[in-house]
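What follows is the residue order along each chain.
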Amino acid sequence: DGIRDVERSRGLGDVYKRQVFTGYTHTQPAQPITFAHYLIAISQALERDFTRLNNAYEHLNLCPLGSGALAGTSFNIDRYHTAELLGFDNLIENSLDAVATRDYLLEIVSSFTILGSDLSRLAYDFYIWSTNEFNLIELDDSISGTSSIMPQKKNPSTLEHIKAKTSHLFGTFSSIFCCLKNIPYTHVRDDAESIHLFWESVSQIEAMLKLMNEVIRTMKVNSQIMEEKVNRNFCTATELSDELVKREGIPFRKAHQIVGNIVKEFYQKGLSSTDITLD
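Residues numbered from 1 in each chain as written. Predicted model: local features only at pLDDT ≥ 70, side-chain atom pairs only at ≥ 80, totals over all residues. Heavy atoms only, no water.

J.: Before we move on, can you summarise the nonpolar core with the specific residues and values?
T.: Counting 42 residues, the largest nonpolar core has Phe35, Tyr38 and Phe126 as the members making the most contacts within it. Broken down by element, this core gets its largest block of residues, 11 residues, from helix H5 (residues 103-129). Those residues in contact with phenylalanine 35 that sit more than four places away from it in its chain are Tyr16, Gln19, Phe21, Trp129, Met219, Val221 and Met226. In terms of nonpolar packing, the next biggest core, distinct from the first, is built from seven residues, Phe234, Ala237, Val259 and Val263 among them. (Core = buried A, V, L, I, M, F, W, Y, C linked by side-chain atoms within 4.5 Å. Buried < 20%, exposed > 50% of the residue type's maximum accessible area, 1.4 Å probe, protein only. Helix = DSSP H or I, 4+ residues; strand = E, 2+ residues; numbered from the N terminus. Contact = heavy atoms within 4.5 Å.)

As structure tokens, this is what we get:
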């Protein structure tokens, strides 16, 4: 499902590849991009997340059968054959390692946590952009909430849940790590405490993916406002500096100063970048 979601985000990139959009750094208007450029950046981060999970599966899908309590077995068994019958890719060869290791839990949950962090950062951007002040996107009524006393409110509740669940994910990783860090490298019951934490992390990341899928599937992009902001917020100023360098041979430091002074003056006069003339 995750891979299909990534493919779908590429499809969204096709939809918005001509949608002019302000790129932000430090939450301030920086340079113009397209909304597709932003969405594809997110999709590439998600692809790395799914690669981590696939790699974690390779370390997980190894057969411990035949290890006994820790020292193997004296019965004449074929461990490779039983591993094949059970659908494992290979063996955990050392019998003590087979009963002692739980690092696959940390690897999977850390991958979940990194994925959760990427989803949370996406949720944060949408959270800001859905405000009345930005108004770049609008969340669907089906994933929004209202206020108990203020009837005009449309709260981005789903995004808040996604951001909060990232904290829960980190909590499960931290708890599993603390369970495992100071126990003997053999079979002990301490590690059993980490199992229910693992399933809690599975529940959290599944919910986050489902919620974010609904956000993207149903949200409205305010294209006209995106273009209006690009024309008003001076995010094209860097290109103007570059043009002074390329066309007039002015050193970039000087071009940076010239354009910075123009922007300052136009801000004070209530003008926008579209009011800048060649003169």
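J.: Run through the pattern of salt bridges, naming residues and quoting values.
T.: For the structure shown, the criterion picks out nine salt bridges. Taken together, the shared-partner salt bridges connect Glu239, Glu243, Lys246 and Arg247 into one network. (Salt bridge = Lys/Arg side-chain N within 4 Å of Asp/Glu carboxyl O.)

J.: Kindly report on the pairing of strand E1 (residues 20-25), identifying the contributing residues and their values.
T.: Sheet analysis places E1 next to strand E2 (residues 28-34), joined by six bridges and oriented antiparallel. Note that in E2 the partner of threonine 25 across the bridge is glutamine 28. From the end of E1 to the start of E2, which pair antiparallel, there are two residues, and histidine 26 there has a positive phi angle of about 55°. (Pairing = 2+ DSSP bridges.)

J.: I'd like to hear about unusual backbone geometry, residue by residue, with values.
T.: Although it is not a glycine, threonine 27 adopts a positive phi angle of roughly 65°. Considering the arrangement of structural elements, one finds threonine 27 in the loop between E1 and E2. According to the relative accessible area criterion, threonine 27 is exposed, its value standing at 55%. Despite not being glycine, asparagine 135 shows a phi value in the positive range, around 55°.

J.: I'd like to hear about the packing of aromatic side chains, residue by residue, with values.
T.: For the structure shown, the criterion picks out 12 aromatic pairs. On the basis of an interplanar angle of 35° and a centroid distance of 6.4 Å, the ring pair of tyrosine 24 and tryptophan 129 is categorised as tilted. Residue tyrosine 24 is located in strand E1, and its partner tryptophan 129 is located in helix H5; the two are separated by 105 residues in the primary sequence. What makes tryptophan 129 buried here is its relative accessible area of 6%. (Phe/Tyr/Trp six-rings, centres within 6.5 Å; stacked < 30°, edge-to-face > 60°.)

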